[in-house]
Amino acid sequence: MIDFYTWITPNGLKVAIALEEFGLRYRAHAIDITKGAQFSPDYLAINPGGKIPAITDHATGITLSESGAILFYLAEKTGRFLPPSGAARHQTIEWSTWQAASFAPTLGHAHNFLTYNPGMAPFAEEIFRKDTQRLYETLDKRLEGRDYMVDDYSIADMATWPWVSRFVRHKVDLSDYPNVRQRYLRLALRPTVKRGYEVPHFTGAIPCPDQLKGPEEEL
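Worth saying up front: this structure is predicted, and the values here are computed from it rather than measured. (Residues numbered from 1 in each chain as written. Predicted model: local features only at pLDDT ≥ 70, side-chain atom pairs only at ≥ 80, totals over all residues. Heavy atoms only, no water.)

1. Points about the nonpolar core
Within the largest apolar cluster, 51 residues are counted, with the highest numbers of intra-cluster contacts made by L74, F103, Y136 and W161. Where this core is concerned, the elements lending two or more residues are strand 1 (2–6), helix 1 (10–22), helix 3 (67–78), helix 4 (86–116), helix 5 (122–143), helix 6 (155–164) and helix 7 (178–188). If we skip the residues at most four places from it in the chain, W161 touches I17, R183, Y184, L187, A188, V193, Y197 and I206. Counting 6 residues, the second-largest nonpolar core is a separate cluster that includes Y5, Y43, I52 and A54. (Core = buried A, V, L, I, M, F, W, Y, C linked by side-chain atoms within 4.5 Å. Buried < 20%, exposed > 50% of the residue type's maximum accessible area, 1.4 Å probe, protein only. Helix = DSSP H or I, 4+ residues; strand = E, 2+ residues; numbered from the N terminus. Contact = heavy atoms within 4.5 Å.)

Pasting the structure below:
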């Protein structure tokens, strides 16, 4: 059994989706970051950094935080969704690292400046608007002629998809990135992705880019 501490953020969702994909038994514990639950003494004993997600794997006694590290751990634990050797393994690591180091941080700032605080910092808004577009273009080029980010479905896809699901907050029209859009819609139909998207609790259906009317549009 794995205890999974999470909230309804892209970083939390990527691990939720991975746990479903790997078919591992887990208990989800909601850490409401809007109420500061990540800074409670009990949670800080699990992750002193005060961030979600985190896991404790009772089969191995290992406790981990940082969503990327958790994905690599789960992949190696199960022997799935991360090639054991060769170019595909290195490319999966490459694109998983790109997601953690470039895609996610930039899009997180885009949430803050473009959606939650528009007009407060025009210079920052322009920087993150342009960088968001650049990163979507990078992902779109990578997916050209491909179904997945590497050869087969992998932890790189699991890590990236939840961030794309926030495209409304990025002020992005997925029609401008047809390869990203196609993969996003295809993965959104996976039962495992649908289940993971509802952890730790249901907040609404997966956003659909086709007939978008607002943030609550459903797939």
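2. Points about the packing of aromatic side chains
If you walk through the whole model with that rule in mind, you get 13 aromatic pairs. Aromatic side chains F81 and Y153 sit 5.6 Å apart centroid to centroid with 80° between the ring planes, which places their arrangement in the edge-to-face category. Taken together, the residues span a long stretch of sequence, with F81 in the loop between helix 3 and helix 4 and Y153 in the loop between helix 5 and helix 6 at a distance of 72 residues. Given a relative accessible area of 10%, Y153 falls into the buried group. Arranged with centres 4.9 Å apart and planes meeting at 25°, the rings of W98 and F103 form a pair that is stacked. There is no split in this pair, since W98 and F103 are both buried. (Phe/Tyr/Trp six-rings, centres within 6.5 Å; stacked < 30°, edge-to-face > 60°.)

3. Remarks on helix 3
Helix length check: helix 3 (12 residues) gives 17 Å between terminal C-alpha atoms against 16 Å at 1.5 Å per residue, within 8%. Within helix 3 the residues assigned to the buried category are S67, I70, L71, Y73, L74 and A75. Taken together, the buried residues of helix 3 touch strand 1, helix 1, strand 3 (54–57), strand 4 (62–65) and helix 6. At the exit of helix 3 stands G79, carrying a positive phi of roughly 70°. (Expected span 1.5 Å × (residues − 1).)

4. Let's talk about the pattern of salt bridges
The tally for this structure, following the rule as stated, stands at 10 salt bridges. For the salt bridge of E20 with R195, the shortest nitrogen-to-oxygen distance reads 2.8 Å. Residue E20 is found in helix 1, and its partner R195 is found in helix 8 (residues 191–196); the two are separated by 175 residues along the sequence. We classify E20 as buried; its relative accessible area is 18%. Taking the shortest distance from any N to any O, the salt bridge between K77 and D57 comes out at 2.9 Å. (Salt bridge = Lys/Arg side-chain N within 4 Å of Asp/Glu carboxyl O.)

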